[in-house]
Amino acid sequence: MPCPPQSDELVFFVNGRKVIERSADPEVTLLNFLRKNLHLTGTKYACGRGGCGACTVMVSKHDPVSTKIRHFSITACLVPICSLYGAAVTTVEGVGSIKTRLHPVQERIAKSHGTQCGFCTPGMVMSMYTLLRNHPQPSEEQLMESLGGNLCRCTGYRPILESGRTFCMESNGCQQKGPGNCCLDQGENDSSSLGRRSDICTELFAKEDFQPLDPTQELIFPPELLRMAENPEKRTLTFYGERVTWISPGTLKDLLELKVKHPEAPLILGNTSLGPAMKSQGHFHPILLSPARISELTTVTKTSDGLTIGAGCSLAQMKDILAERIPELTEEKTQTYRALLKHLRSLASQQIRNMASLGGHIISRHCYSDLNPILAVGNATLNLISEEGTRQIPLNEHFLAGLASADLKPEEILESVHIPHSRKWEFVSAFRQAQCQQNALPDVNAGMRVLFREGTDAIEDLSLAYGGLGAATVSAPKSCQQLLGRLWNELMLNEACRLLLDEVSLPGSAPGGKVEFRRTLVVSFLFKFYLEVLQELNKIVSALDSSRYPEISDQFLSALEDLPVTIPQGVQTYQSVDSHQPLQDPVGRPIMHLSGLKHATGEAVFCDDIPMVDKELFMALLTSSRAHAKIISIDWSEALELPKVVDVITAEDIPGTNGAEDDKLLAVDEVLCVGQIICAVVAETEVQAKRALEKIKITYEDLEPVIFTIQIPELEVLAHELCKQFHTNASLQGEGEVHVGGQEHFYMETQRVLVIPKTEDKELDIYVSTQDPAHVQKTVSSTLNIPINRITCHVKRVGGGFGGKVGRPAVFGAIAAVGAIKTGRPIRLVLDREDDMLITGGRHPLFGKYKVGFMNTGRIKVLDIECYINGGCTLDDSELVTEFLILKLENAYKIRNLRFRGRACMTNLPSNTAFRGFGFPQGTLVTESCITAVAAKCGLPPEKIREKNMYKTVDKTVYKQAFNPENLIRCWNECLDKSSFHSRRMQVEEFNKKNYWKKKGIAIIPMKFSVGFAATSYHQAAALVHIYTDGSVLVTHGGNELGQGIHTKMLQVASRELKIPMSYMHICETSTATVPNTIATAASIGADVNGRAVQNACQILLKRLEPIIKKNPEGTWEDWIEAAFEQRISLSATGYFRGYKAFMDWEKGEGDPFPYYVYGAACSEVEIDCLTGTHKKIRTDIIMDACCSLNPAIDIGQIEGSFIQGMGLYTIEELKYSPEGFLYSRSPDEYKIPTITDVPEEFNVSFLPSSQTPLTIYSSKGLGESGMFLGSSVFFAIADAVATARRERDMAEDFTVNSPATPEQVRMACADQFTEMGVRKMERGKHLSSIRIAENLLERRILGSHTKPTESETPRVGFTTTTLRRRRQRPLRDVAAAVVGQNFPSPPSACVLLTSEWQSPPNQHRRAMSLCFRLGLTDFCQPPLRRRRGAAPFTPAKPLCPP
Ligand SMILES: Cc1cc2nc3c(=O)[nH]c(=O)nc-3n(C[C@H](O)[C@H](O)[C@H](O)COP(=O)(O)OP(=O)(O)OC[C@H]3O[C@@H](n4cnc5c(N)ncnc54)[C@H](O)[C@@H]3O)c2cc1C
Ligand code: FES
Ligand code: FES
């Protein structure tokens, strides 16, 4: 047997320690190496694609040109270890530790309350740390830039930024101050020093006490690496992996030789393009050539006509080079450089810019490339080199289109790029529109250049290039050619738009959708360019004291400014504790999260951070690729033949129950959605398990959809009276429809579980990331058919849940447990981000219809709302969500004649499930949209209608629960007052009068949020408190730490009750062995009910201790405990809380379903850009009735975090599915959650002062979910701005903005000549098939963004109607109307006609059926039934057949 070739030694440093890897595998990433090989688990996996920043570490390298050490942040998940030769890596563990010394960055992020679940925190720390290594006193802009690529799903970013700000120059931070005792040291200090004004506090931490930053304390660059860099190794280094060989030549000559030898081998630089393609698109390269050590590729040359930048320079270096060069040149020469610099600021994240190379960027030719369009119009030249010599090719449309004649030859590489200076009378601009302003791939971008004949506005040369429109960057050479010689005026602009839209064709079926929007952007950008250039021309002529060019009216100038990203500011206001409260009593004080410091140092252990256990196997899941199909066969023989693959687990291996009848753990015979789990592979390693999945062959037979109806309770309040009321009571009527898209939980820690079988009595230990360990325990028990008492579930902490870890973890736990029992070995299952997003479902998308009757004063007399939610393929929580949303639909309004109805539609999508707010955020948007529509009809501002209809005095809700709305009104008034609403409304109106292309909007929203579950048994809780003989206390309770700080609050409670400092206490984990039969930590009630249980246990203990204390009042706690032990007094107690009473009688439509309400109000102001649809949040003020917060820092964190999550739901988070039901948006690239730049510029949160509730523990309230809905204030502010724009454009005002109000929605709603052009062009474009139209509509309606049909779509459906009429069938118009969401049809005809129209050929029939099914139209095939108590919620209905 031939010996395997010998790899070179890979040498690099991690946290100051030398690493020598003798068999480095090029496929191993730094993230895996750190976590698995070095056991440095502080660096987290959350997406694996460079999109979230959880894996950020710092790399330091010696720069041979500047001879300086360069420190830069990178995402370790995209970095192959082989690329680290000679580099020093610093991870969060190398920065500081609670065991040795905390770094100020770590200390400050924790003490500023910048951590909740803590999963993003190490990445945040590393981004900030790297910034400080380069700029010990950074500017606030630099801080924002450094954190732009780090996602956090919990905090809302404000406190993270706040902690970073303490290092900034501007913040006048505490650099010079010495260390001291922190007032947050677990409750023993008085919070009175914290920004206290009488009983009101405005600071949550004391920055004066932070230890100073001392740059001399940092790890030095390893001298050994310095020596290596100064005498660089010139020989080629080769690393042989199992499948891939990495070759790193030391000289350019060797590289060129290798390129001849391996022409197919890619050059690997940043790996930000190759890496994701290898991971997700199955690209495979057996040989990789790394030019990282070739200095020629990083050379920068300034010439008299331009700048030549080495292809190996990173985009961050390019940014610095341009920023340095621009001030050295006259303005006219720098047009292209400025345009590049503009895009380099928003392209990807700091980490990606640090990694990605200019060469890699250009050669990748991504259709969305932000730089290629500018380089193309800027006449950049590519300097190529090969063994044959050098040559230059233009970076033009031919190169970008990949034409062989204009491309690199296989043996050539890109050495550098020459970017010429711009000239006098030449103007270059860049444009970009993405879902959010930062860290998002663009929908469309553009580079534009015009050169005028000297001293005139006659076009001498014109170049336009667009990204995001096709498979590559596209140019419009013909249009540009035809415009030569034309003068720069509106006639030219009109002609240019027409020509452009003809040339840059984008068919209606173009991948990525958003076709009209993208076409509209093409001309909107051109219009912006036109104005920009006109302004520049005017500047020149005004300098010459002439006025030859058209003037831009002041109103239109607003088109020119981009909405800037600004640093958020704000104040958090809360009530300080009573001045008589003992200092040691921590209740009501802003105590830091118990795990805060551990989060910041990476020492907090999450499920997958548990070290590998003996004989552990890794499990990977195989999921269905079909939406509805019969499984004909599964062949895993090839998978089992792969090395290290141990077994395949299928439904047949389940000893007990395979889930529920309608929700199987592992599919049997049939699959109901793409992403349904079919089987699992267990292997020695993760890589082997995943490779084995690819070898399993499944044959499917597609099935006609089977139709189910779901019977949902109807709350009929005066239903019989309703009709009468419409006629007698209301002088005006209105109807409308609202679509609210779904939402992905995007918890940073994906689902994961570790199951360890024990040797005795079938016992299992399960470590799982869940909100409901008892449910996991129960499910595993029934799956394995063993008693519950053999299974122990442990939850140390969860990296975010938001409802997504209530039900699903049980599925993963059970499948892993089956694997563990079958193999007899421990099983670890960690979902990829892609799989997590595909499999687990999320918030239910909702379609709501309302009919409202009202007086012209705005008083609503009658309201009828009907909601349909998309439940996905199994019941899960859909029924409960529907019930909740019906109960909560009235929000804060007293409307006596109303009817609320809700239905869940079963569809062939992954099952949707619990999500923060549980139906309230979706349903209440319908109510609030209705109010906005009433306001428009009455010609009154929406806030007047809200105020008029709000509950004002003690009253009963629609379901007859008595409540006092006093605090609701107080919140509303306080919010109006604190936000200076009325004066700002006037300022907004003033602004809008003066600006045509930018509009501001303002909205204030009231909230009545019911806390808890609608059943008493769900409010019970238990706790177990042990006091040990040294006096230390171990607290255990039934709540899980999800980041919401429940453990911190529980210790605050125990500390008050036992009257000892929190430092005596500890919480180890939540375990089913200590507190059994727990309820899911959800519904905002966790701290509330568990707090009562902890209180109960502590009171029992204290009672037992009382005689001892009485006897020795001067004794210490330790004395009393010692005495108690001597006297045989039990020092362990169980606490129990029986729960709040809650019930709902659905037959009567009455009950007391919720223990109490949280009231609040939020006011938001935004500015929109009518030409691009982008928006900026100017200010948000939130007032929340928190009563007496247990911990204001934690509660404000919950409010801010949920507000930002809600803002994401209503403005940017958009799920995209293929017509076959495959989820496209499965990574942070395609699914955008808010980033740090999305935080409102001014963000104020206040607690309502002097508020009490007798019901709850220490008069506190559960605030976990309520803030979510307040995010809709941003949505309604956008809607307000859109309405103003539409008014000005003489368009219908009763227009409904659907959620999310994405840039696409906003742009298309602010219709103008450019949207008209974009849409009109579609009609002349390729005709869509009717199926395709329906599918487009489907995608938009129930799954996606819900825009109205285009003009080209509607006539086509109309045409179909005619055909049907001829066949004497009922008109399809109803169907069309239903599909497009304008008017729900008389139901049965809809489905029937839709199917009969497409009866043949058969595959069309099937698609049509599936379309009906997914649209939820299936619900109409039989009349809605009233729900009988206990009736099976999913009942098979008659199959839907054509007549
Ligand atoms: C999370 C994320 C966000 C992003 N966001 C954006 C964005 O907003 N806008 C945007 O425009 N881009 C974005 N990108 C894409 C990014 O700009 C490119 O991936 C990057 O520039 C590629 O550079 P690289 O060095 O990593 O290339 P690599 O992945 O290392 O290589 C890419 C290709 O280039 C070839 N190549 C590299 N150098 C040379 C050379 N000198 N000669 C010949 N061939 C060469 C390689 O053979 C390979 O085929 C994003 C990427 C990620 C991962
Ligand atoms: S895990 Fe690396 S960026 Fe998300
Ligand atoms: S604290 Fe940031 S993701 Fe949880």
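Structure: above.
In this numbering scheme, every chain counts its residues from 1 along its sequence in written order. Note on labels: chains are lettered from A, ligands numbered from 1, in written order. Predicted model: local features are reported for residues with pLDDT of at least 70 only, side-chain atom pairs are reported and counted for 80 or more only, and whole-chain, interface and lining totals are derived from all residues. Based on all heavy atoms of the structure, the side-chain values leave hydrogens and waters out of the count.

Peer 1: So what exactly am I meant to see when it comes to the overall build of the chain here?
Peer 2: Strands are runs of DSSP state E lasting at least two residues, helices are runs of H or I lasting at least four, and both sets are numbered from the N terminus onward. Secondary structure assignment for the chain yields 43 helices and 50 strands. Long-range contacts, defined here as pairs at least 24 residues apart, represent 77% of the contacts in the chain between residues at least 6 apart. The criterion used for residue contact is that any of the two residues' heavy atoms lie within 4.5 Å.

Peer 1: How should the site of ligand 1 be read in this particular structure?
Peer 2: Working definition: residue near molecule or strand if any one of its non-hydrogen atoms lies within 4 Å of it. Near ligand 1 lie 33 residues; those nearest to it are Leu269, Thr272, Leu274, Ser357 and Asp370. By the criterion applied in these results, polar contacts are pairs of N or O atoms within 3.5 Å in which, for protein atoms, one can donate a hydrogen and the other can accept it, and in which residues neighboring in sequence qualify only through two side-chain atoms. At 2.6 Å from an oxygen atom of ligand 1 is found a side-chain nitrogen or oxygen belonging to Thr272. Taking Leu274, its main chain carries an N or O atom lying 2.8 Å from an oxygen atom of ligand 1. Expressed as a share of its isolated accessible area of 980 Å², the protein-covered part of ligand 1 is 94%. Residue assignment for the shell around ligand 1 shows that the elements contributing at least two residues are helix H13 (358-364) and strand E15 (413-420). Of all the elements, H13 adds the most residues to the shell around ligand 1, at 5 residues. Put simply, Ala, Val, Leu, Ile, Met, Phe, Trp, Tyr, Cys and Pro go in the nonpolar bin, Asp, Glu, Lys and Arg in the charged bin, and everything else, Gly too, in the polar bin. Of the residues contributing to the shell around ligand 1, the split by class is 18 nonpolar, 11 polar and 4 charged. Working definition of accessibility: Shrake-Rupley area with a 1.4 Å probe, residue cover restricted to the visible protein chains.

Peer 1: Quick question: what am I supposed to make of the sheet that holds strand E1 (residues 10-14) here?
Peer 2: Two strands in a sheet stick together by hydrogen bonds in their backbones, pointing the same way (parallel) or opposite ways (antiparallel). On the basis of which strands lie adjacent, the open sheet formed by 5 strands has the order E2-E1-E5-E3-E4 and mixed pairing. A single partner strand is all that each edge strand has here, and the edge strands are strand E2 (17-21) and strand E4 (68-75). Sheet twist, expressed as the average angle between the axes of neighbouring strands with direction ignored, equals 30°. Here a strand pair is declared whenever DSSP counts at least two bridges between the two strands. Bridge analysis of strand E3 (residues 56-63) against E4 gives 8 bridges, and the strand direction is antiparallel. Across the sheet, Val57 pairs through a bridge with Ile74, a residue of E4. Orientation is described by lines fitted to C-alpha atoms, with helices fitted over the stretch in contact, and by angles between N-to-C directions that extend from 0 to 180 degrees.

Peer 1: Got a minute to help me understand the pairing of strand E31 (residues 764-768) in this structure?
Peer 2: Look at any regular strand and the pattern is simple: side chains alternate between the two faces of the sheet. Buried residues are those whose accessible area, probed at 1.4 Å on protein chains only, stays under 20% of the maximum for their type, while exposed residues exceed 50% and partly exposed ones sit between those limits. In terms of residue burial, E31 counts as a mostly covered element, since 4 of its 5 residues are buried. Sheet topology note: the strand E30 (residues 752-757)/E31 ladder contains 5 bridges and is antiparallel. Each bridged residue has a counterpart across the sheet, and for Ile756 the counterpart in E31 is Asp765. Hairpin remark: E30 followed by E31, antiparallel, with 6 residues in the connecting loop; positive phi at Asp761, about 50°. Bridge analysis of E31 against strand E32 (residues 791-795) gives 4 bridges, and the strand direction is parallel. Within the sheet, the bridge partner assigned to Leu764 lies in E32 and is Ile791. If you view a crossover with the strands going away from you and the path from the first strand over the helix to the second runs clockwise, you call it right-handed. For the handedness criterion, the β-α-β arrangement of E31, helix H23 (residues 773-784) and E32 is classed as right-handed.

Peer 1: Explanation requested: the nonpolar core in the structure shown.
Peer 2: Soluble globular proteins: nonpolar side chains tend toward being buried together. Grouped together as the largest cluster of nonpolar side chains are 251 residues, with contacts concentrated most on Tyr466, Trp488 and Leu863. At 15 residues, helix H18 (residues 515-543) tops the list of elements feeding residues into this core. Ranked by size, the runner-up nonpolar core spans 72 residues in total, among them Ile268, Leu384, Ile393 and Leu400. Only buried Ala, Val, Leu, Ile, Met, Phe, Trp, Tyr and Cys residues count toward a nonpolar core, and they belong to the same one when joined by side-chain atoms within 4.5 Å.

Peer 1: Whenever I open this one, the pattern of salt bridges confuses me. Can you help?
Peer 2: Side chains that differ in sign of charge can pair as their charged atoms come close. Salt bridges, as used here, are contacts in which a Lys or Arg side-chain nitrogen is within 4 Å of a carboxyl oxygen on Asp or Glu. Using the criterion set out here, one finds 78 salt bridges in the structure. With a closest N to O distance of 2.8 Å, Arg235 and Asp8 form a salt bridge. Residue Arg235 is located in the loop between helix H7 (223-230) and strand E8 (237-240), and its partner Asp8 is located in the segment before E1; the two are separated by 227 residues in the primary sequence. Judged by its relative accessible area of 42%, Arg235 is partly exposed. Each of Arg35, Lys44, Asp608, Asp609, Glu616 and Arg828 takes part in salt bridges that share partners, so that together they form one network.

Peer 1: Can you walk me through helix H3 (residues 104-111) in this structure?
Peer 2: Three or four residues apart is the spacing at which side chains of an α-helix point the same way, because the helix has 3.6 residues per turn. Here H3 lies mainly inside the structure; 8 of its 8 residues are buried. Taken as a whole, H3 has its buried residues at Pro104, Val105, Gln106, Glu107, Arg108, Ile109, Ala110 and Lys111. Where H3 is buried, its residues meet helix H2 (92-95), helix H4 (121-134), helix H6 (158-165) and helix H19 (596-601). His113 lies just past H3 and shows a positive phi near 65°.

Peer 1: Even after reading the chapter, I still don't get the packing of aromatic side chains, so can you show me in this structure?
Peer 2: Two aromatic rings are characterised by how far apart their centres lie and by the angle between their planes. Aromatic rings from Phe, Tyr and Trp, with only the six-membered ring used for Trp, were paired whenever their centres fell within 6.5 Å, and each pair was classed as stacked if the ring planes differed by under 30 degrees, edge-to-face if by over 60, and tilted otherwise. Summed over the entire model, instances satisfying the criterion amount to 31 aromatic pairs. When the ring of Trp488 is compared with that of Phe529, the centres are 5.8 Å apart and the planes differ by 90°; the resulting orientation is edge-to-face. Placement of Trp488 in the loop between helix H16 (477-482) and helix H17 (490-503) and of Phe529 in helix H18 is noted, with a sequence separation of 41 residues between them. Like Trp488, the residue Phe529 is buried in the burial classification. Seen in terms of ring centroids, Phe847 and Tyr868 are 6.2 Å apart; in terms of plane orientation they differ by 25°. Their pairing is stacked. Of the two residues, Phe847 sits in strand E34 (residues 846-854) while Tyr868 sits in strand E35 (residues 860-872), which places them 21 residues apart along the sequence. The pair formed by Phe847 and Tyr868 is uniform in burial state, with each residue classed as buried. Three or more aromatic residues joined by ring pairs form one cluster here, namely Phe427, Phe452, Trp488, Phe529 and Tyr530.

Peer 1: It is not clear to me how the sheet that holds strand E21 (residues 617-623) should be interpreted in this structure. Could you clarify?
Peer 2: In space, the 8 strands of this open sheet follow the order E23-E25-E21-E33-E30-E31-E32-E43, with mixed pairing throughout. With one partner strand each, in any of the chains shown, strand E23 (645-649) and strand E43 (1070-1071) form the two edges of the open sheet. Both E32 and E43 contribute to a ladder of 2 bridges, which runs antiparallel. Counted as the bridge partner of Val795 is Thr1070 from E43. Relative to the sheet, H23 contacts E31, E32 and E43, its axis offset from that of E32 by approximately 150°. Most of the contacts of helix H24 (residues 808-823) go to E30, to which it runs at about 30°, and overall it touches E21, E23, strand E25 (677-683), E30, E31 and strand E33 (827-830).

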